[in-house]
Amino acid sequence: MAIQIGLVGTGTVGGGCIEIIKQHKESFLRHFGIDIELKWVCSLNPDEAKAHGVSDLFTQDYHDIINDPAVDIVIELIGGVSIARNIVVEALQAGKNVVTANKALMATYGKEVMELADSMKKELFFEASVGGGIPIISPLKHSLIANEISTVMGIVNGTTNYMLTRMSEDGLDYDTALREAQDKGFAEANPTADVDGLDAAAKIAILASIAFNSRVTIDDVHAEGIRNITPLDLEAARDMGYCVKLLALAHRREDGVDVRVHPTMLPLAHPLASVNGVFNAIYVVGDAVGETMFFGEGAGSGPAASAVMGDVLECARHLQAGIAPLVGCTCTDEVPFVPMEKLDTKYYIRFAVSDRAGVLASMANVFAKYDVSVHSVVQRGRQGDGSKVDLVYVTHTAREASVRAVLEDIVKLEDTVLAEPSLIRVED
């Protein structure tokens, strides 16, 4: 008996799922004994359904899927939060299993929908919500379950990784790199979610929740983007043996967990340092397995649809075999969050300052006032008229709150700082 599928959303990923089902349905049955059938396709755009040859399955009302007792699995691929949440909640309440690629939904309402799935004894899969086609949710829930995970960090936004790669390798400035990413379809017309770190924040909230068996939402994640990064910063980092990546980081510490997104200087020898262009990678450290890394394409119709259909087939296998849900919500531990101001790390700080006597001395006094020890200070570049120079500081390990106080005081120095400072944390 075929497992009946209701698909909501026929955009890039939804279209990819339709094509996978059409092309591989027979091979799924022949090789794996999994018989799936697309019963409904829901979209607000009939032309998209027509383009994929599924007009006979088309509806504009997702309730047709929810109310059909024959539907076993609902695939939610519309994005956003409010309507998507309604679809997932109503599908679970109607006794259907759910597969979603919705990172915003899982990072905001993950606890609610997973507990609902548990109570209804149904399965909720969301592999494609992080990393596109990269398998990471399932490995954390299955292959690495014997470990205590201490670190999850990764490059989980292809747009910003592409931009930083172009800025580093070809000297493009931020605006030029962004325009190029938009022209190539890597960045949206409104790139805020990508360049301000919000997309990555949703993804690390999901990963940290699973890795630390705790509930982390997007509101718990400190997020900074790449708007202030310049080619000069990337050149300075390279000269010191580092590269700069927008990293999503989650660490288990003795006093809790810290979860954050921000530009980060990584040693060039680190496995993540060689991940360039639109590629994503997620680095996981467990007490038994040690260091592991998951690498691949993080977006696009093929990779994301691959992850969605992998979830669909796993769910269908369970249904055909009569297997109860295997892994529900594991986020049961109450783990305190370490506030950002208590972070201890090294810092790269670049100031554009007036090129005049006394500037270095006055800035040194501020660093000393807050007990922030400076490892090195280098002058980089000089305007032709000698009016401006860039001073690059690298600190020893310091407290975030102290470094922020240093920045606030130095910016207030009269006739000294000419532009917003650039701050990049160092992850050794």
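The structure this text deals with has already been given above.
Residues numbered from 1 in each chain as written. Predicted model: local features only at pLDDT ≥ 70, side-chain atom pairs only at ≥ 80, totals over all residues. Heavy atoms only, no water.

## Some words on empty space enclosed by the protein
Space left empty within the atom packing is revealed by a probe, the size of a water molecule, rolled over the atoms. This structure, assessed with the given rule, holds one cavity of 30 Å³ or more. Counted as a void, the largest cavity has a volume near 40 Å³. Those elements that provide at least two residues to the lining of the largest cavity are α5 (103-120) and α10 (198-211). (1 Å grid on protein atoms, 1.4 Å probe; cavity = no way out; pocket = protein on both sides within 12 Å on 5 of 7 lines; lining within 4 Å. Points joined across faces, edges and corners; volume = space filled by probe spheres on them. Helix = DSSP H or I, 4+ residues; strand = E, 2+ residues; numbered from the N terminus.)

## Details of the pattern of salt bridges
Applying the stated rule across the entire model yields 25 salt bridges. Across the pair Glu112 and Arg85 runs a salt bridge, and its minimum N-O distance is 2.8 Å. Of this pair, Glu112 sits in helix α5 while Arg85 sits in helix α4 (residues 82-93), and the two are 27 residues apart along the sequence. Glu112 gets classed as partly exposed once you look at its relative accessible area, which sits at 31%. Note that Arg404 is salt-bridged to Glu224, the shortest N-O span being 3.1 Å. With Arg404 in helix α14 (residues 400-411) and Glu224 in the loop between β8 (222-223) and α11 (231-239), this pair connects stretches of sequence that are 180 residues apart. Its relative accessible area of 31% is what places Arg404 among the partly exposed residues. What makes Glu224 buried here is its relative accessible area of 17%. One connected set of salt bridges, linked through shared partners, spans Glu224, Glu400, Arg404 and Arg425. (Salt bridge = Lys/Arg side-chain N within 4 Å of Asp/Glu carboxyl O. Buried < 20%, exposed > 50% of the residue type's maximum accessible area, 1.4 Å probe, protein only.)

## A few points about the packing of aromatic side chains
Evaluated as defined, the whole model comprises four aromatic pairs. Pairing Phe367 with Tyr393 gives two aromatic rings, centres 4.7 Å apart and planes at 25 degrees, and the pair type is stacked. Highlighted residues: Phe367 in helix α13 (residues 359-369) and Tyr393 in strand β15 (residues 388-395), separated in sequence by 26 residues. Each member of the pair Phe367 and Tyr393 is classed as buried. In this structure an aromatic cluster arises from ring pairing among Phe351, Phe367 and Tyr393. The ring of Tyr109 has Arg85 sitting right over it, with the charged end atom 5.2 Å from the ring centre. (Phe/Tyr/Trp six-rings, centres within 6.5 Å; stacked < 30°, edge-to-face > 60°. Lys NZ or Arg CZ within 6 Å of the ring centre and 35° of its normal.)

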